[in-house]
Amino acid sequence: MKLPFAHRFAVIALTCMASSLFAETVSLSSLDLKQMTAGWNVAKADLGIMGSPLSMHGVKFVHGVGTHATSNFRVNVNGAVERFTAKVGVDDTAGSQGSVEFVVMGDGRILWRSGVLKGGEPARAVDVNLVGVRTLELRVTDGGDGESNDHADWADATIEMNAGAPAPVALPPYETFGLKTKSFTVNFQVGDDGRLYQRPIGADDANGKLQRDDEFYPPAGDGYVWEPALQVVHADGNTSTALLYDGMTRTNESADIESTCVHLHDPAYPFEVTLCFRTHHDEDVVEQWVEIRHQEPGPVTLGRMASTSLLLTTNVYLTHFFGDWAKEMLNPITEKITPGTKVLDSKLGVRADQFRNPSFVLSLDGPPAETNGRVFAGSLAWSGSFQCAFDDNGQNVRALVGVNPFASAYHLKPDKTFTTPKMIWVWSANGLGEMSRKLHSWARDFGMRDGHKTRAVLLNNWEATGFDFDFNRIAGLYDPAKEIGTELFLLDDGWFGNKYPRVNDRAGLGDWQPNHKRLPDGLAPLAAAAVKSGLRFGIWIEPEMVNPKSQLFEQHPDWVIVQPKRELELQRNQLVLDLTRPAVQAFEWQSIQNILGVTDISYAKWDCNRYLTQPGSFWLAQDRQSHLWIDYVNALYALMDKTAKTFPDTELMLCSGGGGRVDYGALKYFQEFWPSDNTDPVARVPMQWDYSYFFPPMAIASHVTHSGNRPMHFACSVAMSARFGMDLDLTKLPAQDKAICAGAISAYKEIRDVTAFGDLYRLEDPHQEIRGALDFVAPDRARAVVFAFQLKDGQNTPVHPRGLDPARRYTIHELNPMPGRAAMEQEGKTFTGEELMRDGITPSCSNALEASVIELGS
Ligand code: GLA
């Protein structure tokens with residue numbers, strides 16, 4: 001509506017005058033003083049803390065508030081406020097004793113402080129401009145010498161509000177907020193000192209006094225003496241940082257997802273930290289990361305920059321997974337965290353894992369169990385050097401996880417943001433099984449590509465041919481592959497390099513032109529022939545690497561990561577290209593486009609067969625060498641992201657000399673990962689079990705091979721429980737084994753929607769046991785699949801499935817049964833879910849290296 005001119009003028013005039021003429025004055029003593037804290041007794045309206053009239057230096061005051069240090073009072077003034085005025089000091093009832101300091105804060109920032117005032121001194125006048133402030137905070141500190149006799153008066157204290165503004169309202173004395181999901185909560189509180197504190201997870205006392213050690217994201221150098229989350233050298237050389245709470249913002253991304261940003265700042269520097277959380281309500285998953293920025297006159301150096309630093313109560317057990325090449329995840333270790341700092345880390349630069357995965361479980365009710373107890377698992381989404389530090393100070397355990405601070409000092413320029421990798425946390429009050437199911441559900445939606453599509457059955461030529469092949473040898477594998485039921489053919493290493501042909505692992509890496517002798521017309525005809533045979537075609541690449549024996553290295557010897565003046569150290573005869581160099585980024589991206597752009601290529605295995613041992617860059621400046629670790633991984637993610645976006649229909653397998661890159665940092669650009677070069681099914685049963693704590697089985701590539709020389713039926717059954725593939729020479733496979741493989745493939749096609757999208761229940765732990773067993777239950781619980789893997793000779797005792805619908809009737813049927821073995825007693829019979837979970841299913845296997853895959857249909 002448009003007002004007539006005269007009226008508009010009147011409105012403008014009134015608005016201008018409002019602040020001075022129509023301001024409304026509210027007396028502090030009229031507010032709800034129950035919300036004001038006092039170190040002794042309770043705050044009083046229009047009286048001193050002792051109940052006598054307010055009085056300072058012999059002068060009496062009729063109005064005001066009497067309190068006692070330490071005191072805190074927060075008032076919502078809605079951004080519609082003008083000023084705060086008062087006369088403050090130590091009340092005469094304290095005589096010449098008592099010393100306090102009065103502090104006026106607006107929205108977390110100190111606006112005025114009195115300095116220390118002593119008993120007997122005259123009152124000091126306060127007049128603070130509050131324009132724009134939303135939360136006014138009035139604090140009285142003990143002046144640094146303890147609280148005794150600290151009788152403090154806010155005399156004649158008034159808040160001047162804008163005319164017509166809502167009345168100021170007293171708030172709870174400390175800002176508190178929580179992060180909440182369906183069954184998990186973590187609570188925060190802003191302390192008297194303006195810092196942000198966290199209530200330890202699992203602590204009994206939800207209201208206990210917070211200690212300095214409970215700071216949520218503790219920076220080093222200003223009072224916190226344990227393992228810090230952040231360590232900064234400011235532009236002027238100051239090695240201390242303080243972080244005060246500014247406020248927080250929340251946004252709902254969907255009914256299930258909420259984003260929370262907590263803003264902190266250093267009161268002495270233009271230096272800010274934002275703590276970011278993305279909570280997934282139903283999955284009890286919290287993604288956490290940190291953003292750091294500043295406007296100091298020069299770069300600041302970040303020495304430590306954890307992604308998370310959550311506090312837990314003591315009495316926590318840690319489960320982590322030690323391993324090595326071909327032994328990834330094979331050695332789970334559970335230990336009680338004791339005072340001191342337990343560090344799990346890697347310093348490999350271009351991948352997270354060789355000896356341990358950046359994933360772990362913390363359990364609060366003793367060692368973790370599958371179906372009960374509170375467990376809190378973490379997985380760092382980072383494919384480079386990482387550090388998990390569990391710092392037990394005797395009171396609490398702090399879990400600090402992030403990029404490894406080792407040799408990674410980062411010089412952050414003004415106005416640039418440093419974003420830490422994401423930490424993925426998942427909570428379960430009912431043990432590891434529920435924890436994994438929630439994490440798998442999150443991963444299918446957010447942690448990987450195409451988590452809602454089943455996977456094609458893959459045949460890889462690596463074990464069949466190694467480096468020794470040509471067009472005809474490969475094309476000759478297609479028809480047998482199709483006949484047996486596979487759907488996707490993967491051509492492995494050895495297809496490229498001309499001056500230095502890639503006929504072994506000593507030459508050719510980096511020269512991504514198809515080898516003229518082997519593939520005279522390039523990749524396209526080989527891919528087309530696969531498609532003609534009814535198969536999709538995939539290709540092996542290792543874009544980040546180079547053999548010294550290559551044209552690429554001859555042309556660009558300065559593109560590699562090495563340390564000058566040191567004897568060159570090769571791993572698998574190769575070096576890592578320096579992805580921090582723009583020319584290398586452009587080269588790798590061009591190579592990927594050239595290869596994946598070939599018609600009919602719809603799958604790629606992206607390998608990375610070495611890690612950094614001599615981390616020197618010819619590209620980075622002398623004083624930026626320590627950026628290599630972080631800049632490399634971020635450049636790698638940019639490359640992976642471009643690849644995933646440019647080739648949305650090309651599925652990608654993440655591989656790194658086995659399981660070196662099994663982490664949620666890289667997996668979000670990939671559909672699956674290669675967990676290990678160890679494909680012996682006897683090792684794969686426990687290995688896949690361990691990976692499944694954190695990663696959905698549909699992402700765990702599991703290929704049938706001759707490794708370990710195990711019975712083909714056993715090998716097929718193990719591979720079927722994850723993302724099924726084969727790496728066999730089908731042209732040489734005995735007929736009986738071929739029939740078993742064909743049966744396994746057809747059975748897998750029947751159940752792959754259940755194993756991909758169903759809920760996993762780990763039933764019998766295979767570590768050092770006679771048998772391993774799992775079941776998957778379809779989301780609607782109409783179907784389920786039970787796997788039993790006999791590792792040693794035993795009796796065929798029943799396997800008890802879990803997660804079935806108790807009332808539903810299921811018919812039992814063994815898939816692809818081993819020829820010659822007696823059928824299960826329950827074969828073809830129908831039972832309720834309740835009966836099956838109670839009485840179990842007796843599989844047909846009982847001797848070592850036998851397995852059963854049992855479908856429960858309804
Ligand atoms: C790595 C992979 C293998 C194979 C070879 C090829 O070792 O783990 O599966 O692709 O590279 O060189």
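What comes next is a walk through the structure. (Residues numbered from 1 in each chain as written. Predicted model: local features only at pLDDT ≥ 70, side-chain atom pairs only at ≥ 80, totals over all residues. Heavy atoms only, no water.)

## Comments concerning the nonpolar core
And then number 1: Ranked by size, the top nonpolar core spans 187 residues in total, and within it Leu-362, Trp-495 and Ile-539 carry the most contacts.
And then number 2: A per-element tally of this core places helix α8 (residues 628-646) first, with 10 residues.
And then number 3: In this structure Trp-495 touches Phe-469, Trp-512, Gln-513, Pro-514, Asn-515, Leu-519, Leu-523, Ile-539, Trp-540, Ile-541 and Ile-595, once residues within four positions along its chain are discounted.
And then number 4: In this structure, Ala-69, Val-128, Ala-165 and Ala-170 belong to the second largest nonpolar core, which totals 37 residues. (Core = buried A, V, L, I, M, F, W, Y, C linked by side-chain atoms within 4.5 Å. Buried < 20%, exposed > 50% of the residue type's maximum accessible area, 1.4 Å probe, protein only. Helix = DSSP H or I, 4+ residues; strand = E, 2+ residues; numbered from the N terminus. Contact = heavy atoms within 4.5 Å.)

## What about the site of the ligand?
And then number 1: Taken together, Trp-462, Asp-492, Asp-493, Trp-540, Arg-572, Lys-605, Asp-607, Asn-609, Cys-655, Gly-658, Trp-674 and Asp-677 make up the full set of residues near the ligand.
And then number 2: Between Asp-607 and the ligand, the recorded distance is 3.1 Å, taken from a side-chain N or O atom to an oxygen atom.
And then number 3: Measuring from an oxygen atom of the ligand, one finds a side-chain N or O atom of Asp-677 at 2.5 Å.
And then number 4: Surface burial for the ligand is 93%, taken as the share of its 310 Å² of free accessible area covered by protein chains.
And then number 5: Considering only residue class, the shell around the ligand consists of four nonpolar, two polar and six charged. (Near = heavy atom within 4 Å. Polar contact = N/O pair within 3.5 Å; in protein donor to acceptor, adjacent residues only side chain to side chain. Areas by Shrake-Rupley, 256 points an atom, 1.4 Å probe, with all protein chains shown as cover. Nonpolar A, V, L, I, M, F, W, Y, C, P; charged D, E, K, R; others polar.)

## A word on the sheet that holds strand β14 (residues 176-180)
The pairing of strands in a sheet comes from backbone hydrogen bonds and takes either a parallel or an antiparallel form.
And then number 1: What the three strands build is an open sheet, ordered β14-β15-β16; its pairing is antiparallel. Of all the strands in the sheet, just β14 and β16 (196-198) have a single pairing partner and so form its edges. Going across the sheet, the axis of each strand differs from the next one's by a mean of 25°, ignoring polarity.
And then number 2: Pairing geometry for strand β15 (residues 185-190) and β16, over three bridges, is antiparallel. Among the inter-strand pairings, Val-190 is bridged to a residue of β16, identified as Leu-196. (Pairing = 2+ DSSP bridges. Axes fitted to C-alpha atoms, helices over the stretch in contact; angles between N-to-C directions.)

## A few points about unusual backbone geometry
And then number 1: Across the junction of Ala-69 and Thr-70, the peptide omega takes the value 0°, indicating a cis bond.
And then number 2: If you trace the backbone, Thr-70 turns up in the loop between β5 (64-68) and β6 (71-76).
And then number 3: Of note, Asn-573 is a non-glycine position whose phi angle comes to about 65°, a positive value.
And then number 4: Here Asn-573 is to be found in the loop between α6 (551-555) and β37 (575-576).
And then number 5: The phi torsion at Asn-816 lies on the positive side, around 45°, for a residue other than glycine.
And then number 6: With respect to the secondary-structure elements, Asn-816 resides in the loop between β46 (809-815) and β47 (830-832).

## As for empty space enclosed by the protein
And then number 1: Inspection of the entire model under this criterion finds 10 cavities of 30 Å³ or more.
And then number 2: Computed from the structure, the largest cavity encloses a volume of approximately 130 Å³.
And then number 3: Taken together, 17 residues form the lining of the largest cavity, with Val-685, Gln-688, Trp-689, Ser-721 and Leu-774 sitting closest to its centre.
And then number 4: Elements with a minimum of two residues in the lining of the largest cavity: α10 (681-691) and β44 (771-777).
And then number 5: Residue classes in the lining of the largest cavity are distributed as 12 nonpolar, four polar and one charged.
And then number 6: One number sums up the size of the second largest cavity: a volume of about 80 Å³.
And then number 7: Forming the walls of the second largest cavity are Pro-228, Ala-229, Arg-304, Met-305, Ala-306, Gln-387, Leu-400, Val-401, Gly-402, Val-403 and Pro-405.
And then number 8: Every element with two or more residues in the lining of the second largest cavity is listed here: β22 (300-313) and β29 (396-403).
And then number 9: The residue makeup of the lining of the second largest cavity, split by class, is eight nonpolar, two polar and one charged. (1 Å grid on protein atoms, 1.4 Å probe; cavity = no way out; pocket = protein on both sides within 12 Å on 5 of 7 lines; lining within 4 Å. Points joined across faces, edges and corners; volume = space filled by probe spheres on them.)

## Some words on the pattern of salt bridges
And then number 1: One pass over the structure, following the stated rule, counts 45 salt bridges.
And then number 2: For Arg-195, the salt bridge identified is with Asp-193, shortest N-O distance 3.2 Å.
And then number 3: According to the relative accessible area criterion, Arg-195 is buried, its value standing at 11%.
And then number 4: When the shortest N-O distance is used, the salt bridge between Arg-212 and Glu-215 registers 2.6 Å.
And then number 5: One network of salt bridges, with partners in common, ties together Asp-193, Arg-195, Arg-212, Glu-215 and Asp-222. (Salt bridge = Lys/Arg side-chain N within 4 Å of Asp/Glu carboxyl O.)

## Quick notes on the pairing of strand β8 (residues 99-106)
And then number 1: With eight of eight residues buried, β8 is to be regarded as a mostly interior element.
And then number 2: Alternating positions in β8 separate into two faces, Ser-99, Glu-101, Val-103 and Met-105 on one and Val-100, Phe-102, Val-104 and Gly-106 on the other, with burial throughout.
And then number 3: Summarising the sheet, β8 and strand β9 (residues 109-118) pair through seven bridges and their orientation is antiparallel. Across the sheet, residue Ser-99 finds its bridge partner in β9, namely Lys-118.
And then number 4: In sequence, β8 turns back onto β9 through a hairpin of two residues, with Asp-107 there showing a positive phi of about 50°.

## Digging into helix α7 (residues 582-596)
And then number 1: Between its terminal C-alpha atoms α7 stretches 21 Å, which fits the 21 Å expected from 15 residues at 1.5 Å a residue.
And then number 2: Taken as a whole, α7 has its buried residues at Val-584, Glu-588, Trp-589, Ser-591, Ile-592, Ile-595 and Leu-596. End-on, the buried residues of α7 take up no more than an arc of 160°, which puts them together on one face.
And then number 3: If you follow the buried residues of α7, they end up packed against α5 (523-532), β35 (536-541), β38 (601-606), α8 and β39 (651-654). (Expected span 1.5 Å × (residues − 1). Arc of directions from axis to C-beta.)

## Some thoughts on the environment of Gly-95
And then number 1: Secondary-structure assignment places Gly-95 in the loop between β7 (81-90) and β8.
And then number 2: When its relative accessible area of 35% is taken as the criterion, Gly-95 is described as partly exposed.
And then number 3: For Gly-95 and Glu-121, which are 26 residues apart along the polypeptide, the C-alpha to C-alpha distance reads 9.8 Å.
And then number 4: The contact partners of Gly-95, leaving out residues within four places of it in the chain, are Gly-119 and Gly-120.

## Focus: the pairing of β46
And then number 1: Strand direction decides the pairing type here: β46 and β47, joined by three bridges, are antiparallel. Bridging across to β47, Tyr-810 finds its partner in Phe-831.
And then number 2: Where β46 meets strand β48 (residues 851-857), five bridges bridge the pair, whose relative direction is antiparallel. Bridge pairing links Leu-815 to Val-853 in β48.

## Overview of the packing of α10 against helix α11 (residues 712-720)
Between two packed helices, the angle of one axis relative to the other and the distance separating the axes together describe the packing.
And then number 1: Between α10 and α11, the least distance of the axes is 9 Å, while the angle of their chain directions is 20°. Put simply, α10 runs roughly parallel to α11. The hand of the α10/α11 crossing is left-handed. Here Pro-681, Val-682, Arg-684, Val-685 and Gln-688 of α10 lie close against α11, whose contacting residues are Phe-714, Ala-715 and Val-718.
And then number 2: By residue class, the composition of the contact of α10 with α11 is six nonpolar, one polar and one charged. (Parallel < 35°, antiparallel > 145°, perpendicular 65-115°, else oblique. Left-handed = near helix turned anticlockwise from the far one by under 90°.)

## Here's the deal with the sheet that holds β6
And then number 1: Judged by pairing direction, the sheet is antiparallel, and its five strands sit side by side in the order β9-β8-β11-β6-β13 without closing on themselves. One side of each edge strand has no neighbouring strand; the edge strands of this open sheet are β9 and β13 (169-171). The sheet shows a mean angle of 20° between the axes of neighbouring strands, direction not considered.

## With respect to the environment of Trp-40
And then number 1: In this fold, Trp-40 is placed in the loop between β1 (24-27) and β2 (44-45).
And then number 2: Sequence-wise, Trp-40 and Ala-69 are 29 residues apart; in three dimensions their C-alpha atoms are separated by 7.4 Å.
And then number 3: Apart from the residues within four sequence positions on either side, Trp-40 is in contact with Ile-49, Met-50, His-68 and Ala-69.

## A look at the packing of aromatic side chains
And then number 1: A complete count under the given rule lists 38 aromatic pairs for this structure.
And then number 2: Measuring from ring centre to ring centre gives 4.4 Å for Phe-496 and Trp-512, while their planes differ by 45°; the resulting arrangement is tilted. Of this pair, Phe-496 sits in the loop between β34 (488-491) and α5 while Trp-512 sits in the loop between β34 and α5, placing them 16 residues apart in sequence. Both residues of the pair, Phe-496 and Trp-512, belong to the buried class.
And then number 3: Arranged with centres 5.4 Å apart and planes meeting at 75°, the rings of Phe-673 and Phe-695 form a pair that is edge-to-face. With Phe-673 in strand β40 (residues 672-673) and Phe-695 in the loop between α10 and β41 (701-704), this pair connects stretches of sequence that are 22 residues apart.
And then number 4: Judged by its relative accessible area of 1%, Phe-673 is buried.
And then number 5: Joined through ring pairs, the aromatic side chains of Phe-184, Phe-360, Phe-376, Phe-390, Trp-425 and Trp-427 make up one cluster.
And then number 6: When the ring centre of Phe-446 is taken as reference, the NZ or CZ atom of Arg-278 above it lies at 5.3 Å.
And then number 7: One Lys or Arg, Arg-684, reaches over the ring of Trp-674 and ends 5.2 Å from the middle of that ring. (Phe/Tyr/Trp six-rings, centres within 6.5 Å; stacked < 30°, edge-to-face > 60°. Lys NZ or Arg CZ within 6 Å of the ring centre and 35° of its normal.)

Taken by themselves, the reported measurements are silent on function.
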